Amino acid sequence: MSLVSCDKYLDIKPYGKTVPKTPEEFSALLHSHLNDMDEGGSTGFMDNVGTIVNLDAGCGDDFEACLTANSGQGLPFYVGNLVGGTYAAGKYEQLYQVIRDCNIVIDNLDDDGTKAANTILATAYGLRAVCYYQLLRYFCEAPEKGNMDNQLGLVLVQTFNLEDRPLRSSMQATVDFIETDLKKSINYHSTDALYRFTEPVCKGYLARLYFWTEQWSKVLPLTAELLKAYPILQINNYKEVMGTPFKVGSNQLIKAYSTSSGNNQDFLATTTEIKYRPVSIRFLNSFSVSDTAKDVRYKFYVTPERVAVKTFFCGLRSEELKLMQAESYYHLGKTNEALAELNDLRLARVKDAQAWTMATLPPANSYEVIQEDAEGKPLNPLISAILQERRKELFLEGDRFFELKRNGTPEFWTAYQSLKYTTRKFMYTFPIPIAEIEKISGLKQNPGYDKIITY
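What you are looking at is a predicted structure, and each value in this text was computed from that prediction instead of being measured. (Residues numbered from 1 in each chain as written. Predicted model: local features only at pLDDT ≥ 70, side-chain atom pairs only at ≥ 80, totals over all residues. Heavy atoms only, no water.)

Novice: What is the right way to look at the overall build of the chain in this model?
Specialist: When its secondary structure is counted, the chain shows 18 helices and six strands. Against the globule reference of 23 Å for 455 residues, the chain gives a C-alpha radius of gyration of 21 Å, in line with a compact fold. Taking all 455 residues of the chain together, the buried fraction comes to 60%. For the chain, contacts bridging at least 24 residues in sequence account for 69% of all contacts bridging at least 6. In the structure as shown, the chain presents an accessible area of about 18,200 Å², 50% of it carried by carbon and sulfur atoms. Across the chain, 49 positive and 56 negative side-chain charges occur, with their mean positions spaced 4 Å apart. (Helix = DSSP H or I, 4+ residues; strand = E, 2+ residues; numbered from the N terminus. Rg over C-alpha atoms; globule rule 2.2 N^0.38 Å. Buried < 20%, exposed > 50% of the residue type's maximum accessible area, 1.4 Å probe, protein only. Contact = heavy atoms within 4.5 Å. Areas by Shrake-Rupley, 256 points an atom, 1.4 Å probe, with all protein chains shown as cover. Lys, Arg positive; Asp, Glu negative; His and termini not counted. Charge placed at Lys NZ, Arg CZ, Asp CG, Glu CD.)

Novice: Please clarify how the confidence of the model for the chain should be interpreted in this entry.
Specialist: The predicted coordinates of low-pLDDT regions are not to be read in fine detail. Per-chain confidence: the chain averages 93 in pLDDT, with 95% of residues scoring 70 or above. A low-confidence stretch, residues 1–16 (pLDDT under 50), is modelled with 38 contacts involving residues beyond four sequence positions or located in other chains. (pLDDT = per-residue confidence, 0-100.)

Novice: Explanation requested: the packing of aromatic side chains in the structure shown.
Specialist: Taken as a whole, this structure holds 34 aromatic pairs when the rule is applied. Each ring, one from Phe211 and one from Trp216, has its centre 5.5 Å from the other, and the planes form 75°; the classification is edge-to-face. In this pair, the class of Phe211 matches that of Trp216, namely buried. The residue whose ring lies beneath Arg208 is Tyr205, and the NZ or CZ to ring-centre distance is 5.0 Å. Here the guanidinium or amino end of Arg317 rests over the ring plane of Phe313, the centre of that ring lying 5.8 Å away. (Phe/Tyr/Trp six-rings, centres within 6.5 Å; stacked < 30°, edge-to-face > 60°. Lys NZ or Arg CZ within 6 Å of the ring centre and 35° of its normal.)

Novice: Please clarify how the pattern of salt bridges should be interpreted in this entry.
Specialist: A side chain with one charge may pair with a side chain of the opposite charge, provided their charged atoms come close. Scanning all chains against the criterion turns up 34 salt bridges. Taking the shortest distance from any N to any O, the salt bridge between Glu179 and Lys218 comes out at 3.9 Å. Here the residue Glu179 occupies a position in helix α7 (residues 171–187), and Lys218 occupies one in helix α9 (residues 216–229), the gap between them amounting to 39 residues. For Lys218, a relative accessible area of 37% translates into the label partly exposed. Note that Asp399 is salt-bridged to Arg390, the shortest N-O span being 2.9 Å. Arg390 matches Asp399 in its accessibility class, with the two residues each being buried. (Salt bridge = Lys/Arg side-chain N within 4 Å of Asp/Glu carboxyl O.)

Novice: Would you mind going over the UniProt feature "domain: RagB/SusD" (unreviewed entry) in the chain with me for this structure?
Specialist: Mapped onto this numbering, the UniProt entry annotates "domain: RagB/SusD" (unreviewed entry) at residues 320–449. For residues 320–449, helix accounts for 39% and strand for 8%, while the C-alpha atoms at its two ends are 33 Å apart. (UniProt positions renumbered as here; feature names shortened; annotations may be inferred.)

Novice: Looking at this structure, I do not really get the state of the cysteines. What am I missing?
Specialist: A disulfide bridge is the covalent bond that connects two cysteines by way of their sulfur atoms. Under the criterion given, the structure shown has zero disulfides. The cysteine Cys59 is free of any disulfide, with Cys314 supplying the nearest cysteine sulfur at 16 Å. Cys314 sits in the buried class, given a relative accessible area of 4%. (Disulfide = S-S within 2.5 Å.)

Novice: Would you explain the layout of surface pockets in this entry?
Specialist: The gaps of empty space that remain are located by a probe, the size of a water molecule, rolled over the atoms. The calculated volume of the largest pocket comes to roughly 310 Å³. Around the largest pocket sit 21 residues that line it, and Ala142, Glu144, Lys405, Gly408 and Thr409 are the ones nearest its centre. (1 Å grid on protein atoms, 1.4 Å probe; cavity = no way out; pocket = protein on both sides within 12 Å on 5 of 7 lines; lining within 4 Å. Points joined across faces, edges and corners; volume = space filled by probe spheres on them.)

Novice: Would you explain unusual backbone geometry in this entry?
Specialist: Excluding glycine, residues mostly have negative phi values, and the peptide bonds linking residues are mostly trans. A positive phi angle, near 70°, is found at Tyr257, a position not held by glycine. Located in the positive-phi region is Thr409, a residue other than glycine, with phi close to 40°. Position of Thr409 relative to the elements: it lies in the loop between α17 (400–406) and β5 (412–416).

Novice: What should I look at first to understand the side chain of Asn54 in this one?
Specialist: Relative to the elements of secondary structure, Asn54 occurs in helix α3 (residues 49–57). Classification of Asn54 as buried rests on a relative accessible area of 16%. Ignoring anything within four residues of it in the chain, the contact list for Asn54 reads Cys59, Pro76, Leu82 and Tyr87.

Novice: What exactly am I supposed to notice about the environment of Pro20 here?
Specialist: Position of Pro20 relative to the elements: it lies in the loop between α1 (6–9) and α2 (23–38). In sequence terms Pro20 and Glu436 are 416 residues apart; their C-alpha atoms lie 28 Å from each other.

Novice: Could you clarify how one ought to interpret the environment of Gln417 in this entry?
Specialist: Assignment of secondary structure puts Gln417 in the loop between β5 and β6 (419–423). We classify Gln417 as exposed; its relative accessible area is 58%. Within polar-contact distance, the side chain of Gln417 engages the side chain of Gln73 at 2.9 Å. (Polar contact = N/O pair within 3.5 Å; in protein donor to acceptor, adjacent residues only side chain to side chain.)

Novice: Quick question: what am I supposed to make of the side chain of Lys310 here?
Specialist: Checked against the element boundaries, Lys310 lands in the loop between α13 (296–301) and β4 (315–317). A polar atom in the side chain of Lys310 sits 2.7 Å from the side chain of Glu397. Once you skip the residues sitting within four places of it in the chain, Lys310 turns out to touch Phe300, Tyr301, Arg317, Glu393, Leu394, Phe395, Leu396 and Glu397.

Novice: Could you clarify how one ought to interpret the packing of α7 against helix α8 (residues 199–212) in this entry?
Specialist: Each pair of packed helices can be described by the angle between their axes along with the distance between the axes. Following both chains from N to C, one finds α7 and α8 inclined at 160°, their axes separated by 9 Å at the closest point. The angle between α7 and α8 falls in the class roughly antiparallel. By crossing handedness, the relation of α7 to α8 is classed as left-handed. Of the residues in α8, those in contact with Val175, Ile178, Glu179, Leu182, Lys183, Ser185 and Ile186 of α7 are Glu199, Cys202, Lys203, Tyr205, Leu206, Leu209 and Tyr210. Each residue belonging to the contact of α7 with α8 can be placed in one class, and the counts come to nine nonpolar, one polar and four charged. (Axes fitted to C-alpha atoms, helices over the stretch in contact; angles between N-to-C directions. Parallel < 35°, antiparallel > 145°, perpendicular 65-115°, else oblique. Left-handed = near helix turned anticlockwise from the far one by under 90°. Nonpolar A, V, L, I, M, F, W, Y, C, P; charged D, E, K, R; others polar.)

Novice: Can you walk me through empty space enclosed by the protein in this structure?
Specialist: In total, this model carries six cavities of 30 Å³ or more according to the counting rule given. In this structure, the largest cavity occupies an estimated 300 Å³ of space. Contributing to the lining of the largest cavity are 24 residues, with Tyr133, Arg137, Arg208, Glu320 and Asp399 lying nearest its centre. Residue assignment for the lining of the largest cavity shows that the elements contributing at least two residues are α6 (115–139), α8, α14 (318–331) and α17. Looking at which element gives the most residues to the lining of the largest cavity, the answer is α8, with four residues. Among the residues forming the lining of the largest cavity, the class breakdown is 12 nonpolar, three polar and nine charged.

Written out as structure tokens, the structure reads:
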């Protein structure tokens, strides 16, 4: 994707288009993006299998780059492949293009109280918020609770104004803006599944936002409400539901590929490509020896030859909410509640498992790359078990890179073709495209890139 300045992808005039006038036209503007998501296209606001492979096989520690077979040489082998090329700039541009279209709807659609207007506006606010949430995770540093007023946020383009060239806000202002958009969407109480970003979905993303920004007490009411409507899968139907990529399961609030077919070529090709890079021993060691025969996920995920065979999932599901709930309880000092949530998920995955007590929790893993929690504290057995369970449950769902980022941004190295490549702390935050820095006077680049980016 070419590197272009913000004015191009916020403009619609060069393409011969005019601002929509009718609800149907506004709806079509949004549905073009929703349809891309449904078919597994590269939308930016929802991961597809290509994004997941880039993040999980290329940027995390769940795979062994040094053992990649020849047919997998096209896979990125560490995060520097993404931040040092056009990938980051393409994602930045892509998300602001969707924001542009949402702004057109929000600025111009008459909020007349009709069901049609309410649904379209709910979608526009929700979709815009999710785009900014994705930009926040990629292009801003990991949040530091109590210091977000001093951390760099995003360029907040709030209206469709081609002359507006705002600078980066603070992280706190960015988070507040995303929260406000999600709440506006939620207040329309949209239930039309055709528009995807319904009230429950936006509540799920609001929980994600609170979780990412360490607002633990705000996470819990949302996860509790959503888990009643979307219970976690039990061991008897886990493989069937999670092995069906092109249908929304009972535990899934939103997902890509929901209207795709079993012949989706990108999905099939990526499923094959990931098999050329073995799963890491570190990931396999997250399963205890006794669990390898009893955990429904173990053989469903990986073959004895360390080949990843898990069906990709791109979306938001109840098990993630369950893990967010467990960790939020932990950070609030409610260890009994945290352990209970952890045991609920574990008992739904491991046949005949015994519930853990504080005394029987396994020790924190010394071989783990993550050695501190989101608040910078050393791992103890409970939070270590929660993070390990998240690592297992959300394998190949685009989560691991961001887990590393929010839990200490640890530096680690990867061997590839006899060379050593180190993931540095600053590389967890993608660079603002150089075209934006050059175009907008005073726009600040992320730390670590001022002398490195050369495109």
